[in-house]
Amino acid sequence: MDDEIQLISDGDGLAVIGNPTAVERFLVSEGLPSKDLGLQRLRSVLSAGAGVAQAGSEIAANSGRWVKLSKESARLVDKYGLRKSSKSGLSSGVLKGNKGQIKGFVEFVKGPGSLLTNPALLAGAAGIMAQIAMQQTMDEITDYLATIDEKVDDVLRAQQDAVLADMIGVDLVIEEAMTIREQVGRVSEVTWSKVQATSVTIARTQAYALRQLDALAEKMERKSKIGDLAKTSKEAESKVQEWLAVLARCFQLQDAIAVLELDRVLDASPEELDRHRLGLRAARQNRLELISRSTERLMARMDAAAGMANTKVLLHPTTSRAVVHSSDHVAIAVVDFHARLGIERGRQSLEARRWVDAAAEVRDKVLETGAEGVDAARHLGNETLERARSVTGKLSSGIAERALRRRGDDGERDRKAE
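Keep in mind that this is a model prediction, so the values were computed, not measured. (Residues numbered from 1 in each chain as written. Predicted model: local features only at pLDDT ≥ 70, side-chain atom pairs only at ≥ 80, totals over all residues. Heavy atoms only, no water.)

Student: Sorry, what's going on with helix α5 (residues 119-147) here?
Tutor: Within an α-helix, residues lying three or four positions from one another point in the same direction, as the helix has 3.6 residues per turn. Under the 1.5 Å per step criterion, the end-to-end length of α5 is 42 Å for 29 residues, consistent within 8% with the ideal 42 Å. The buried count for α5 comes to 21 of 29 residues, which makes it a mostly enclosed element. (Helix = DSSP H or I, 4+ residues; strand = E, 2+ residues; numbered from the N terminus. Expected span 1.5 Å × (residues − 1). Buried < 20%, exposed > 50% of the residue type's maximum accessible area, 1.4 Å probe, protein only.)

Structure follows, in structure tokens:
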């Protein structure tokens, strides 16, 4: 049926597969930007075994587009009632059009000719979807690294530690493999042999960067004097961005390895592709949780430092302002970093929302506050201190007057008694 399209969601993206005209009409009607899914890549992989002719004809007849799962595209999963498979973790369904209009209802097609009834094609499509989602994140990380002051390569080259120095070599090896994949269209055994050992170096570098962030958090926790806290906060402000850049680059390279790995499994053991995809997804989520715990711990320590600084603004207005300023900048850096890696997607906790709101407010005002903010804090502190002194003076005067009056009254009573 020309107006039949198939929808597949893996939680990160939505694949729309069917007649090219119907697919395009559906995406336009929903207002969704998309990328080519690249279903043609499955033809050479599925060129052996039973049902080859059917699989080949299905791929040739269908066009596939991929849509990043955002707030707008995610609603389609609910809108069309896609059913989730507990085995594959995919939500899927077939949408049939009515007289050229892609609307109506969702139903599953049991007969031949549907991609959803071919397990090999479905697994292959899901594997490609996972690759596109990871490449999308890789592109966003590239943009992130290009916008921050300290480039990750500069950070790595400035380090004397061998763990970080090894990352430069790993970077070159993986980029070479991705270039070959782009030119050849597959990952050969030779190409895979060059990169399969690089994951150890990346994991070691990631662990090192996380330890540096943990060390900054612990250092903040040990400081109780406002002067020491200001110094440590300033150090955190300059160092956190560098280590976040290293973590972002590690995550980007790990995604690149996963893309290459899925290609290799698709080529060598296509029957294992679905299980392998789910395994990579679980491992990726574990990395995100690990990074999230470390960065949120640091944010909590910076928040506590800002809270302590606020309690001491009366006597230390300038220093307290510096601590709060550093805390705000670290919060902005971490929230931006989380957004690029997709850490907050799907689990916007109260604490996360509070940090996002605070970061947005600081980002809007950071240019206009500047030195004036310090002067304002100093003025506020001096004004408050003068007010406190005034109140103290008045209290002292009042006590003295009451004492004199009391002394006069006592003298009057003594004279009367005589």
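Student: Would you mind showing me how to read the packing of α5 against helix α10 (residues 226-268) here?
Tutor: Angle between the axes and distance between the axes are the two parameters that describe a pair of packed helices. At a minimum axis separation of 9 Å, α5 and α10 run at an interaxial angle of 155°. On the basis of the axis angle, α5 is roughly antiparallel to α10. Relative to α10, α5 is oriented so that their crossing is left-handed. Each residue belonging to the contact of α5 with α10 can be placed in one class, and the counts come to 15 nonpolar, eight polar and three charged. (Axes fitted to C-alpha atoms, helices over the stretch in contact; angles between N-to-C directions. Parallel < 35°, antiparallel > 145°, perpendicular 65-115°, else oblique. Left-handed = near helix turned anticlockwise from the far one by under 90°. Nonpolar A, V, L, I, M, F, W, Y, C, P; charged D, E, K, R; others polar.)

Student: Sorry if this is basic, but what is going on with the pattern of salt bridges here?
Tutor: For side chains bearing opposite charge, pairing can occur when the charged atoms are close. Tallying each qualifying case throughout the model produces 17 salt bridges. The shortest N-O distance in the salt bridge between Lys68 and Glu140 comes to 2.6 Å. Taken together, the positions of Lys68 in strand β4 (residues 63-68) and Glu140 in helix α5 put the pair 72 residues apart, joining distant regions of the chain. Judged by its relative accessible area of 32%, Lys68 falls in the partly exposed class. In this structure, Glu237 engages Lys234 in a salt bridge whose closest nitrogen and oxygen atoms are separated by 3.7 Å. Within this pair, Glu237 and its partner Lys234 are both found in helix α10, separated by three residues, close to a single helical turn. (Salt bridge = Lys/Arg side-chain N within 4 Å of Asp/Glu carboxyl O.)

Student: I keep staring at the pairing of strand β1 (residues 4-9) and nothing clicks. Help me out?
Tutor: The two faces of the sheet receive side chains in turn, since in a regular strand these alternate between them. Among the six residues of β1, six are classified as buried, and the element is accordingly described as predominantly covered. Because side chains alternate across β1, one face comprises the buried residues Glu4, Gln6 and Ile8, and the other comprises Ile5, Leu7 and Ser9, equally buried. In this structure, β1 lies alongside strand β2 (residues 13-18), joined through five bridges in antiparallel fashion. The residue of β2 that forms the bridge with Ile5 is Gly18. Hairpin connection between β1 and β2: a loop of three residues separates the two successive antiparallel strands, and Gly11 in this loop has a positive phi of roughly 95°. (Pairing = 2+ DSSP bridges.)

Student: Would you explain the side chain of Ser91 in this entry?
Tutor: Position of Ser91 relative to the elements: it lies in strand β6 (residues 91-98). Among the residues examined, Ser91 registers a relative accessible area of 11% and is labelled buried. Sequence-distant contacts of Ser91, that is, excluding residues within four places in its chain, are made with Leu7, Ile8, Ser9, Val77, Leu82, Arg83 and Lys84. (Contact = heavy atoms within 4.5 Å.)

Student: How should I be thinking about the pairing of β2 in this particular structure?
Tutor: Burial within β2 is extensive, with six of its six residues counted as buried. Going residue by residue along β2, you find Gly13, Ala15 and Ile17 tucked away on one face and Leu14, Val16 and Gly18 tucked away on the opposite face as well. Pairing analysis gives six bridges linking β2 to β4, with the strands arranged antiparallel. Across the sheet, Leu14 pairs through a bridge with Val67, a residue of β4.

Student: Would you mind going over the nonpolar core with me for this structure?
Tutor: One recurring pattern in soluble globular proteins is that nonpolar side chains are buried together. Core analysis: the largest hydrophobic core is formed by 79 residues, its most contacted members being Leu37, Val240 and Leu244. Listing elements by their share of this core, those giving two or more residues are β2, α5, α7 (162-184), α8 (189-195), α9 (198-222), α10, α11 (273-311) and α12 (317-341). No other element matches the 22 residues that α10 contributes to this core. With residues near it in sequence (within four places) discarded, Val240 still touches Leu213, Leu216, Leu298, Val330 and Val334. (Core = buried A, V, L, I, M, F, W, Y, C linked by side-chain atoms within 4.5 Å.)

Student: Explain the packing of α9 against α10 here, please?
Tutor: The N-to-C vectors of α9 and α10 enclose an angle of 160°; their axes lie 9 Å apart at closest approach. Viewed along their axes, α9 and α10 adopt a mutual orientation that is roughly antiparallel. Between α9 and α10 the crossing geometry is left-handed. A breakdown of the residues in the contact of α9 with α10 according to their chemical character gives 18 nonpolar, eight polar and three charged.

Student: Sorry if this is basic, but what is going on with the confidence of the model for the protein here?
Tutor: Keep in mind that low pLDDT regions are not for reading the predicted coordinates in detail. Averaged over every residue, the pLDDT of the protein is 74; residues scoring 70 or more account for 67%. Taken element by element, the predicted model of the protein shows its lowest mean pLDDT in helix α13 (residues 350-417) (44) and its highest in α8 (94). Segment residues 104-113: pLDDT under 50, and 23 contacts once partners within four positions in sequence are set aside and those in other chains are kept. Contacts of residues 365-400 to residues separated by more than four positions or lying in other chains number 15 contacts, the stretch itself having pLDDT below 50. (pLDDT = per-residue confidence, 0-100.)

Student: For this particular structure, what's the right way to read the environment of Glu296?
Tutor: Here Glu296 is to be found in helix α11. In this structure the C-alpha to C-alpha distance between Glu296 and Ala331, which are 35 residues apart in sequence, comes to 9.4 Å.

Student: What should I look at first to understand the packing of aromatic side chains in this one?
Tutor: In total, this model carries two aromatic pairs according to the counting rule given. Ring plane angle 55° and centroid distance 6.3 Å describe the contact between Tyr144 and Phe337, whose orientation is recorded as tilted. Of this pair, Tyr144 sits in helix α5 while Phe337 is found in helix α12, placing the two residues 193 residues apart along the sequence. (Phe/Tyr/Trp six-rings, centres within 6.5 Å; stacked < 30°, edge-to-face > 60°.)

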